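Here are the chains, one letter per residue:
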Amino acid sequence: MEKIIIIEDDPAISDLIRLNLELAGYECQQAYSGQDAHSVLTDFTPDLVLLDISLPDVEGYELLERFKNIEIPVIFLTARNALVDKVKGLKMGADDYIVKPFEAMELLARIEAVLRRYGRKSERMDYGGLEIHLEERAVKRDGVIVELTMKEYELLLLLINNRNKALSREKILELVWSYEYSGETRTVDIHIQKLRKKLGWEDRIKTVYKFGYRLEVLL
Amino acid sequence: MKLWLKVFWCTFLLFEVLFNASSFYLITHNFNQNLVREVDRGLSDQHILTAQIETDWSYINNLNQLLNTTKDDPAVFLQNNASKYLKSFDPSNVSIEIKDNREQTVFTDFSETIAVPRPELELENSEGRKYIIRSIGHKSVLFVAGDLNLSGRDFKLTYILDLTGIYEDKNAQIRNFIKINIVITIVLAAGLYSLIWFLTRSVRMLTSSAQTIASGQYTHRVNVLSKDEIGLLSEQFNKMAEAIEEKVNALETAATNKQRFIHYLTHELKTPLTSIIGYADLLRTTTFNEEVFYKSLNYIYNEGKRLESLAFKLMDLILVDNNKPNMTVEEIQQVFEETAQLMKPQLEKRQVKLSMSAEALRLPMERDLIKILCTNLIDNSIKASKAGDSIWLRGYQTGNFRYVIEVQDQGIGISEQDIPNVFEPFFTVDQTRSKTNHGAGLGLAICSEIVRLHKGELNIQSRANVGTVIQIILPGLYN
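Criteria and cut-off values
Residues numbered from 1 in each chain as written. Chains lettered and ligands numbered in written order. Predicted model: local features only at pLDDT ≥ 70, side-chain atom pairs only at ≥ 80, totals over all residues. UniProt positions renumbered as here; feature names shortened; annotations may be inferred. Helix = DSSP H or I, 4+ residues; strand = E, 2+ residues; numbered from the N terminus. Buried ≥ 20, exposed ≤ 12 C-beta atoms within 10 Å, placed from the backbone. Contact = placed C-beta atoms within 7 Å. Core = buried A, V, L, I, M, F, W, Y, C linked by C-beta atoms within 7 Å. Axes fitted to C-alpha atoms, helices over the stretch in contact; angles between N-to-C directions. Parallel < 35°, antiparallel > 145°, perpendicular 65-115°, else oblique. Left-handed = near helix turned anticlockwise from the far one by under 90°. Nonpolar A, V, L, I, M, F, W, Y, C, P; charged D, E, K, R; others polar. Pairing = 2+ DSSP bridges. Expected span 1.5 Å × (residues − 1).

The name an unreviewed UniProt entry assigns to chain B is histidine kinase, from the organism Paenibacillus catalpae. Under the UniProt heading Subcellular location (unreviewed entry), the entry covering chain B gives this text: "Cell membrane". Check the Catalytic activity (unreviewed entry) section of the UniProt entry for chain B; it says "ATP + protein L-histidine = ADP + protein N-phospho-L-histidine."

Enquirer: So, the overall build of chain A: which residues are in play, and what are the values?
Expert: Looking only at helices and strands, one finds eight helices and twelve strands in chain A. Within chain A, buried positions represent 32% of all 219 residues. Restricting to contacts in chain A with at least 6 residues of sequence separation, those with at least 24 account for 51%.

Enquirer: Tell me about the interface of chain B and chain A, and please be specific about residues and values.
Expert: Listed by partner, the interface residues are 22 residues for chain B and 20 residues for chain A. Of all the secondary-structure elements, those providing two or more residues to the side of chain B that touches chain A are helix 5 (229-285), helix 6 (290-322) and helix 9 (431-436) of chain B. For the side of chain B that touches chain A, the element with the highest residue contribution is helix 5 of chain B, accounting for 13 residues.

Enquirer: Summarise the nonpolar core; cite the residues concerned and give the values.
Expert: Counting residues in hydrophobic clusters, the biggest one holds 39 residues, and the most contacted among them are Ile5, Ile7, Val49, Leu50, Leu51 and Ile75 of chain A. The leading source of residues in this core is helix 1 (residues 11-23) of chain A, at seven residues. Beyond its immediate stretch of four places on either side in the chain, Val49 of chain A contacts Ile5, Ile7, Phe67, Ile72 and Val74 of chain A. Core analysis: the next-biggest nonpolar cluster, separate from the first, contains 33 residues, Val352, Leu377, Ile472 and Leu474 of chain B among them.

Enquirer: Break down the packing of helix 1 of chain A against helix 5 of chain B for me, citing the residues and quoting the values.
Expert: Following both chains from N to C, one finds helix 1 of chain A and helix 5 of chain B inclined at 30 degrees, their axes separated by 9 Å at the closest point. Relative to helix 5 of chain B, the element helix 1 of chain A lies roughly parallel. Remark: the crossing between helix 1 of chain A and helix 5 of chain B carries left-handed chirality. Contacts from Ala12, Ile13, Leu16, Leu19 and Asn20 of chain A in helix 1 of chain A reach Thr271, Thr274, Ser275, Gly278, Tyr279 and Leu282 of chain B in helix 5 of chain B. By residue class, the composition of the contact of helix 1 of chain A with helix 5 of chain B is six nonpolar, five polar and no charged.

Enquirer: Go over the sheet that holds strand 11 (residues 205-208) of chain A, please, and point to the residues and values.
Expert: Residues and elements named next belong to chain A. Strand order in this open sheet of three strands is 10-12-11, and the pairing throughout is antiparallel. With partners counted over all chains shown, the strands left at the sheet margins are strand 10 (166-168) and strand 11, one partner each. Neighbour-to-neighbour, the strand axes of the sheet open up by a mean angle of 30 degrees, direction not taken into account. Seen against the sheet, helix 7 (residues 169-176) touches strand 10 and strand 12 (212-215) and runs at an angle of roughly 75 degrees to strand 10.

Enquirer: Please set out the environment of Leu41 of chain A residue by residue, giving values where relevant.
Expert: Inspection of the secondary structure assignment puts Leu41 of chain A in helix 2 (residues 34-41). Remark: the alpha-carbon pair of Leu41 of chain A and Gln29 of chain A, spanning twelve residues in sequence, is separated by 9.2 Å.

Enquirer: Tell me what's going on with helix 6 of chain B, and back it up with residues and numbers.
Expert: The α-helix advances 3.6 residues per turn, and as a result positions three or four apart in sequence lie on the same side. The terminal C-alpha atoms of helix 6 of chain B, which comprises 33 residues, lie 48 Å apart, in line with the 48 Å expected from a rise of 1.5 Å per residue. Every buried residue belonging to helix 6 of chain B is among Ser296, Tyr299, Ile300, Glu303, Arg306, Leu310, Lys313, Asp316 and Val320 of chain B, and all of these are buried. At its buried positions, helix 6 of chain B is contacted by helix 1 of chain A together with helix 5, helix 8 (367-384) and helix 10 (443-453) of chain B.

Enquirer: Explain unusual backbone geometry to me, and be specific about the residues and the numbers.
Expert: Of note, the amide linkage connecting Lys100 of chain A to Pro101 of chain A takes the cis form, showing an omega dihedral of -5 degrees. Non-glycine residue Glu71 of chain A carries a positive phi angle of around 55 degrees. Structurally, Glu71 of chain A is set in the loop between helix 3 (60-69) and strand 4 (74-78). Judged by C-beta crowding, with 7 C-beta atoms within 10 Å, Glu71 of chain A ranks as exposed. With a phi angle near 55 degrees, Gln351 of chain B is a residue other than glycine that sits in the positive phi range. As for its position among the elements, Gln351 of chain B is in the loop between helix 7 (332-350) and strand 7 (353-358).

Enquirer: Mind laying out the UniProt feature "transmembrane region" (unreviewed entry) in chain B, listing which residues take part and the relevant values?
Expert: Residues and elements named next belong to chain B. Mapped onto this numbering, the UniProt entry annotates "transmembrane region" (unreviewed entry) at residues 6-27 and 180-199. With 100% helix and 0% strand, the stretch residues 6-27 has end C-alpha atoms that lie 31 Å from each other. A helix fraction of 100% and a strand fraction of 0% characterise residues 180-199, whose end C-alpha atoms lie 27 Å from each other.

Enquirer: Residues and numbers for the packing of helix 6 (residues 150-161) of chain A against helix 7 of chain A, please.
Expert: Think of two packed helices as two axes; the pair is described by the angle between the axes and how far apart they sit. All names here are of chain A. Orientation of helix 6 relative to helix 7, taken along the N-to-C sense of each, is 120 degrees, at an axis distance of 10 Å. As far as their axial angle goes, helix 7 and helix 6 are oblique. Here helix 6 and helix 7 pass one another in a crossing that is right-handed. Between helix 6 and helix 7, the contacting residues are Lys151, Glu154, Leu155 and Leu158 on the first element and Ile172, Leu175 and Val176 on the second. Considered class by class, the residues forming the contact of helix 6 with helix 7 number five nonpolar, no polar and two charged.

Enquirer: Would you mind going over the pairing of strand 5 (residues 153-162) of chain B in detail, with residue names and values included?
Expert: All names here are of chain B. Here strand 5 lies mainly inside the structure; seven of its ten residues are buried. Where strand 1 (residues 94-100) and strand 5 come together, seven bridges link them in antiparallel fashion. By the bridge assignment for strand 5, Glu97 is matched with Thr158. Relative to strand 5, strand 4 (residues 139-150) runs antiparallel, the two sharing ten bridges. By the bridge assignment for strand 5, Phe143 is matched with Ile160. In this structure, the hairpin formed by strand 4 and strand 5 is closed by a connection of two residues, where Ser151 is found at a positive phi of approximately 45 degrees.

Here's what the structure looks like:
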C-alpha cells in the first residue's frame, strides 16, 4: 500500500484525487496549505507527493526542496499551462507535471510510472488469489504460472490498477494497444473473453453496458 | 548623394564657375584695353612720323630750291634718313618700312620677312590709314600703314610695333591666375568640406538616433546641439520619441495586464472544470456508493455554481468594457431601493442586516451600471461579513454638487498591503473563503471600471477584522 500526500488547496479537487487514489488502492492524506502539509508530514511519510503550485500560503516550488532532500518523488498539479511554468517545475526537480483539468486515469498512470522509477512500487502484486511478478511479467495462481500473452498481461494490469472503475473499450484500446480508437473494439472483447477464461474471472470482470469493462473489487 | 555633399558640390562648382569667369573677363578686358592703347599709339606715331618726314622733306626741298642745288630724289632721301626718325622710338619695339608706289621697298629696318598678302597696304584714299595685327614667328606685330607723299611721289610708310609684350603679359596673367586658382580651389574645397560637414553633423545625429529608435530602443533621445532649425527639429523629434515611448509602455502594460487576466481566468475556469469533469467521470465509472455519490454531486453542483458566477461577472465586465456610457439623469434614491430589493435574498440567507439612508438627488448616470456597482459592493460586504453583522449603504451630497455613495461593513477587512491589489481582476483577500462564496474576484475590478466611466472617484478605507468603508464620489449635474 503506497502512501501519497495530496497538497491541494481546492477541497473539491483534493477529495476527487483522494477518492480516485483510494479506489486504486493507495493510502492518502490531504493537506490544504503549506502549513497544513508540515503538520501532516510529522506522522506520515509518503512515498509520493502530489503538489499544487498555487497554494494560499506558499508557492508549491518552495515546498519542493523539502521533499527532494528526503528523496520523495513529487508530481506537480497545476492549472498553469504555460511552458515556462512546466520547465521551471521540472527544472527544480519535480518528477512529473500534470495540468488541470486532468483525467483520473492519466493521474494514476503517471503516479505509477514515477513510483516504479523510484522503485517504491513493490515488485510483487497480490490480487484476488493471483501473484503478479512485475519484473518477470509472470502471473501465478497457487504457485502455478498462468500463461498469458503480452497483451493479456497488460490488460490484466490495467484492470487491476483501475479496479472498481469502468474502463471504456476506447480507453483500453488506447492504453494497451496504444493507438487511438478507430472503430475496431472487437479486439478488446476477444482479449477480455480469453482473460476471463484463463483466470476463471467470468464474474469478476463485469461488462458495463454500452461502455466497457470493470474489475469488481473483492470484498 | 547625401545632402551635405550636394551642398558642398553646388557651392564649390558655383564658386569655381563665377570665379573663373570673372577672372577671365578681367584679364581679357585688361588685355583688350592695352591693345587698343597700343593701336592708338601706333596710329598716332605713324601719323606723327609721316608728318615729320613730309615737313622735313618740304623743308629740304625749299632749301634746295633757294640754293638752286639739284633736286634730291625722295627715295634716296628716305633711304638715307629714315633710320634717323626711329631714334625717338624704342628700337626693340618699333620699326618702319617704306615702300614706293610700285611696291618696292625703299627702306626697312624690320628684320623678319613678312608674308604676303598685305591688306593694310591697300589704301583706299590718301588720308586713310590701315592697321593689322599678325603673328610673325612667335611674335605678334602691329602694322600701321599710311600714305607718305613727297613732292608728288607716293610712298607707303608702315609703322611696325611689336606687341608681343602685351600678349606675353596676358599669358603671364593667365598662368598666374591658374596657379592662384589651384591654390584657392584646394583651400576652398577643404574649407567648404569640413565646414559643411561640421554644420550638418546634427542632421546625421538625428538620422542615427531615428534609426536607433526605430530599431526598438524607445528610451533613446537626440542630443540637441544647436538652436537652429535642425536643433528645433531635434527637439520636436525628441518630443515625438517621448510620445512613442509612452505609447509603447502603455501598450506593454496593457498587454501584461491582459496576459495576467487570461492567466487568472484560465486558472479560474480550469479549477471548477477539473472537479466537475473528475466527479462526473468518477460517478460514471465506479460502482454506486451512496456517500461518494452525494459528495460528488454536491461538488459538481457547487463548482458549477462557481463557473456560473464567473460567467456572470465576466459578462458584466464585458458589458462595462464595451459600454460607451449612455448617461441619463436619474433619481439615485430609486436605484438604492432597487439594489436593496435585489440583495434581499442573499442578505437574509447570510443573516446580515442592511441599513440604508440616502439623500434624494437627481444625478447623471448609466442606471444599469450604477446598479451593478451597488450590488457588487454590497455583495463584497456580505461575503466579508458573518451572521449578525450590519452593512450600511449611504448616499449624501458633498461640495461641488458631488454625490457620495458609501458602503460600510463590519467584515474581515482588507490588510494594508492588499489594498492596492483589490482592483486587480481575480484578486481575493481570502481565497478559501471566496471559494465557498463562489467569488471570482472580479467585483471591484468591475466597480472601478464603472466609476472610471462615470468620471468619479473610488476610495477604500479598511482595517483587518474591523471593517471596510468604500466611497464612490460621482460628479453631479453641475459638472
